[in-house]
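Topology and contacts: notes
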Amino acid sequence: MKKTIGMFAHVDAGKTTLAEQLLYMTDTIQERGRVDHQSAFLDRHDIEKERGITVFADQATMQFNGSTYYLIDTPGHVDFSPEMERAIQVMDAAVVVISAVEGVEGHTETVWQLLRKHGVPTFLFINKIDREGADVARVFAEIRSELTEDVCMITEEDVLHEGMMQSSLIEAIAERDEKLLELYMEQGVEVSQWLDTMTAMIRKGQLFPCFSGSALQYVGVSHFLHQLDLLTVTDYDPGDYFAGRVYKIRHDEQGARLTYIKAMGGTLRVRDEITYFSGTETITDKVTHIRLINGGRVTNVDQVHAGDLFAVTGISSAAAGDGLGTLSGRTVYELVPTLKSKVQFESSIHPKDMLREFRLLDAEDPSLSVQWDEHAQAIHIHVMGIIQLEVLERIVFERFGYRITFGEPEILYKETITEAVVGCGHFEPLKHYAEVHLRLEPGERNSGIVFSNECHPDVLSVNYQHLVAQHVGERDHHGLLTGSPITDIKITLLKGRAHNKHTHGGDFREATYRAIRQGLEKTANMLLEPYYHFKVKVDAEYIGRLMSDLTQAKASFVPPETAGNKVTVTGSAPVSTMMNYSMELAAYAKGRGTMSLVYGGYGRCHNEAEVIERKGYDKNADPEYSSSSIFCAKGSGYAVPWDEADHHMHV
């Protein structure tokens, strides 16, 4: 059986140390590495060794009890959350490591929500029970109150593979399965039935086993692995047709593109062709090499099978999240950066050379959303935080030899509309022709751009309708207030027109863009900013200061909850007002306050007028987004302003 297991935790909970112990006890490595000794098997990069944190989602392979395990150690720092989320999609089970001292922390909750969204069976390991201040009972209670009530503790007395189960564990399972409880009360139940029920409940996300121990001292690790092995089951389709999911892109030392894939079904061989949909077209590529990755060890193989994790060369364009072969669709990622920063470099470096290198990084981490400003000859990237920028500076120097810095990070704003409107675009310079009519309507918050089609083929042929749909979705469209991308809008194609002789593919791009822009001119626009969902926990003596700060931060929150000497406040607030608050909290709470920040989508900007004035965007000076339409008369084209164009339309 093949199983992919992900390791997750807040920074410093001991996740990588636990992974090292699992690899050691399965004879994958001959010596246990340590993060503090910079010798961890899965923290191979110098950046990881020096900072003592996991930055890249690296993988190892281990054999245990007849099964092959692919172990993925994910980043624990919030700045590298997108790397973690991309790996989640290929996991059969997850292990969330929580410190017995610090308990449930900010990133723990982020991880938990993502795992629930993707339906990944999850195990918990309360680590560092040997440290001063460790309290397993307290942390278990935190898990129940802050993560899930469906958690059950499995102690070393519960040796499931030997048929030994404590009454507390039996009761925890039985109370979640009425039929099993009834059967148990009437005549008793065989251990095998309990195990089958547990395994099924874990797969369905109805039960979450919890263990405790000390990874560093090798306490509870063997027990944990045996029970994990017993309670995880996979059933991949070994059929004839290959199906796979891309979860990572990297480049080797020679610059070859490595596409990391999880085989969901079938078999893949060297020289096989893989078909996938990339953006707007279907692509077929031939696999030239297949590599098994085990830490820093690489093994070339001729074929791989369902359940395997591997990397291939020869795939030119597939991105993280893409389905391959018989697996269609692309994974939609939830964690998105909320900051933008400009790449700064010496004038002796040609901007296009730097752009080429950042395009490589963008393929490896699509959350960077690398943008090129042709007019300013500038590169901008999207990031999660300051630590990510520091790491990127190091990566660019080590891989490409360039010393760079970044400008002060700015909030990524977006724009939307508040009223429905119909926008029209006409593009008819000499020997060109296209006309498009679009209805723009406010969409649900955080829904993005949704396209629909109400155009009859008798009005506009289907192939041109498809072009309009493509052009609506192929890029961000600028709003009028700050030039930020528009979002949360439903765009519906109503009608259009082409010319039998003069219409070319690019004409509908121009007409579509102008229709969107004209629609924005005709309706009311609104500025949006990113928000955090937050949870702040402080000693009761600091609640007054905290409430005052949250009010100043334009936060909305529910009444505080008190437990003992601790007070917890949950709510939402703009990223711009909360992004640096953790340092302020640490200062006045003397290190005894904790805060979790989880991306909560976009909402109305709390200081819209101030931001608009600061941005100083001139909608009439943006050459790429004209709201005028182009018509033709007497053999030449002429522009008609947006507020007069409706009267000139041909449909």
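See the structure above.
None of the values given here were measured: they were computed from a predicted structure.

This next bit is on the overall build of the protein. For the protein, the count of helices and strands is 18 helices and 34 strands. At 28 Å, the protein has a C-alpha radius of gyration in line with the 26 Å of a compact globule built from 651 residues. Each principal axis of the C-alpha distribution contributes one length, and for the protein these read about 90 × 65 × 65 Å. Within the protein, the proportion of its 651 residues that are buried is 53%. Taking contacts inside the protein between residues at least 6 apart in sequence as the whole, the part at least 24 apart equals 72%. Across the protein, the centroid of the 63 positively charged side chains sits 5 Å from that of the 93 negatively charged ones.

One open sheet accounts for 7 strands, arranged β2-β3-β1-β4-β5-β7-β6; its pairing is mixed. Since the sheet does not close on itself, it has two edges, and those belong to β2 (58–64) and β6 (151–153), each with one partner. Looking at each pair of strands side by side, their axes are set apart by 25° on average, direction ignored. Across 3 bridges, β6 lies against strand β7 (residues 208–212) in parallel orientation. Looking across to β7, one finds that V151 is bridged to F208. Sheet strands touched by helix α1 (residues 15–25): β1 (2–9), β2, β3 (67–73), β4 (93–99) and β5 (122–127). Its angle to β1, the strand with the most contacts, is close to 150°. Against the sheet, helix α5 (residues 136–146) makes contact with β4, β5, β6 and β7, and its axis sits at roughly 160° relative to β6, the strand it touches most.

This part covers a nonpolar patch on the surface. Together, L181, Y184 and M185 make up a nonpolar patch on the protein surface, roughly 290 Å² of accessible area in all. Within the element layout of this structure, Y184 appears in helix α7 (residues 178–187). For Y184, a relative accessible area of 31% translates into the label partly exposed.

Glancing now at helix α12 (residues 462–473). Taking 1.5 Å per residue as the helical rise, α12 with its 12 residues ought to reach 16 Å, and the 17 Å between its terminal C-alpha atoms agrees with that figure. Within the sequence span of α12, burial applies to Y464, Q465, L467, V468, H471 and V472. Taken down its axis, α12 places every buried residue within 155° of arc, on the same side. Projecting away from the buried face of α12 at angles above 90 degrees are the exposed residues H466 and G473.

Taken in spatial order, the 6 strands line up as β14-β13-β16-β9-β8-β17 in an open sheet, and their pairing is antiparallel. One side of each edge strand has no neighbouring strand; the edge strands of this open sheet are β14 (297–301) and β17 (323–325). Sheet twist, expressed as the average angle between the axes of neighbouring strands with direction ignored, equals 40°. Pairing between strand β8 (residues 243–251) and β17: 3 bridges, direction antiparallel. Each residue of the ladder has a partner; that of G244, found in β17, is L324.

Geometrically, a packed helix pair is captured by the angle between its two axes and the distance between the axes. It is the contact of α12 with helix α13 (residues 505–522), at a shortest axis distance of 9 Å, that shows an interaxial angle of 55°. Comparing the axis directions of α12 and α13 gives the class oblique. In terms of crossing hand, the pair formed by α12 and α13 is right-handed. Of α13, the residues touching α12 (which contributes Y464, L467, V468, H471 and V472) are G505, F508, R509, T512, Y513 and I516.

Now for the pairing of strand β24 (residues 421–427). Burial runs high along β24: 6 of the 7 residues are buried. Where β24 lies against strand β25 (residues 434–442), 7 bridges are found, and the strand directions are antiparallel. By the bridge assignment, V421 is partnered in β25 with L440.

This brings us to the side chain of T267. On the secondary structure map, T267 appears in strand β10 (residues 267–269). The buried category is assigned to T267, whose relative accessible area is 16%. In terms of polar contacts, T267 uses its side chain to reach the side chain of H305, at 3.1 Å. Ignoring any residue separated from it by four or fewer positions in sequence, one finds T267 in contact with G239, F242, D272, Q303, V304 and H305.

Below, the discussion takes up the packing of helix α3 (residues 81–88) against helix α4 (residues 106–118). The interhelical angle for the contact between α3 and α4, taken along N-to-C directions, is 30°, at an axis separation of 11 Å. One way to sum up the angle between α3 and α4 is to call them roughly parallel. Remark: the crossing between α3 and α4 carries right-handed chirality. Every residue of α4 that contacts α3 at S81, M84, E85 and I88 is listed here: H107, V111, L114, L115, K117 and H118. Split by residue class, the contact of α3 with α4 holds 5 nonpolar, 3 polar and 2 charged.

Moving on, we get to unusual backbone geometry. Although it is not a glycine, N65 sits at a positive phi angle of roughly 55°. Structurally, N65 can be placed in the loop between β2 and β3.

A few words on the nonpolar core. With 48 residues, the main nonpolar core has F358, I381, F534 and M578 as its most contacted residues. Residues I154, I173, L195 and F224 belong to the second largest nonpolar core, which totals 41 residues.

Here the focus is the side chain of D488. On the secondary structure map, D488 appears in the loop between α12 and β27 (489–497). On the accessibility criterion, D488 (1% relative accessible area) is buried. A polar side-chain atom of D488 sits 3.0 Å from the main-chain amide nitrogen of S447. Setting aside chain neighbours within four positions, we find D488 in contact with T416, E441, P442, G443, E444, R445, N446, S447, G448, I449 and L528.

Analysis parameters
- Residues numbered from 1 in each chain as written.
- Predicted model: local features only at pLDDT ≥ 70, side-chain atom pairs only at ≥ 80, totals over all residues.
- Heavy atoms only, no water.
- Helix = DSSP H or I, 4+ residues; strand = E, 2+ residues; numbered from the N terminus.
- Rg over C-alpha atoms; globule rule 2.2 N^0.38 Å.
- Buried < 20%, exposed > 50% of the residue type's maximum accessible area, 1.4 Å probe, protein only.
- Contact = heavy atoms within 4.5 Å.
- Lys, Arg positive; Asp, Glu negative; His and termini not counted.
- Charge placed at Lys NZ, Arg CZ, Asp CG, Glu CD.
- Pairing = 2+ DSSP bridges.
- Axes fitted to C-alpha atoms, helices over the stretch in contact; angles between N-to-C directions.
- Patch = residues over 30% accessible without salt bridge, like charges linked within 9 Å, V, L, I, M, F, W, Y side chains within 5 Å.
- Areas by Shrake-Rupley, 256 points an atom, 1.4 Å probe, with all protein chains shown as cover.
- Salt bridge = Lys/Arg side-chain N within 4 Å of Asp/Glu carboxyl O.
- Expected span 1.5 Å × (residues − 1).
- Arc of directions from axis to C-beta.
- Parallel < 35°, antiparallel > 145°, perpendicular 65-115°, else oblique.
- Left-handed = near helix turned anticlockwise from the far one by under 90°.
- Polar contact = N/O pair within 3.5 Å; in protein donor to acceptor, adjacent residues only side chain to side chain.
- Nonpolar A, V, L, I, M, F, W, Y, C, P; charged D, E, K, R; others polar.
- Core = buried A, V, L, I, M, F, W, Y, C linked by side-chain atoms within 4.5 Å.

Fair warning: the whole summary comes from geometry, so function is off the table for now.
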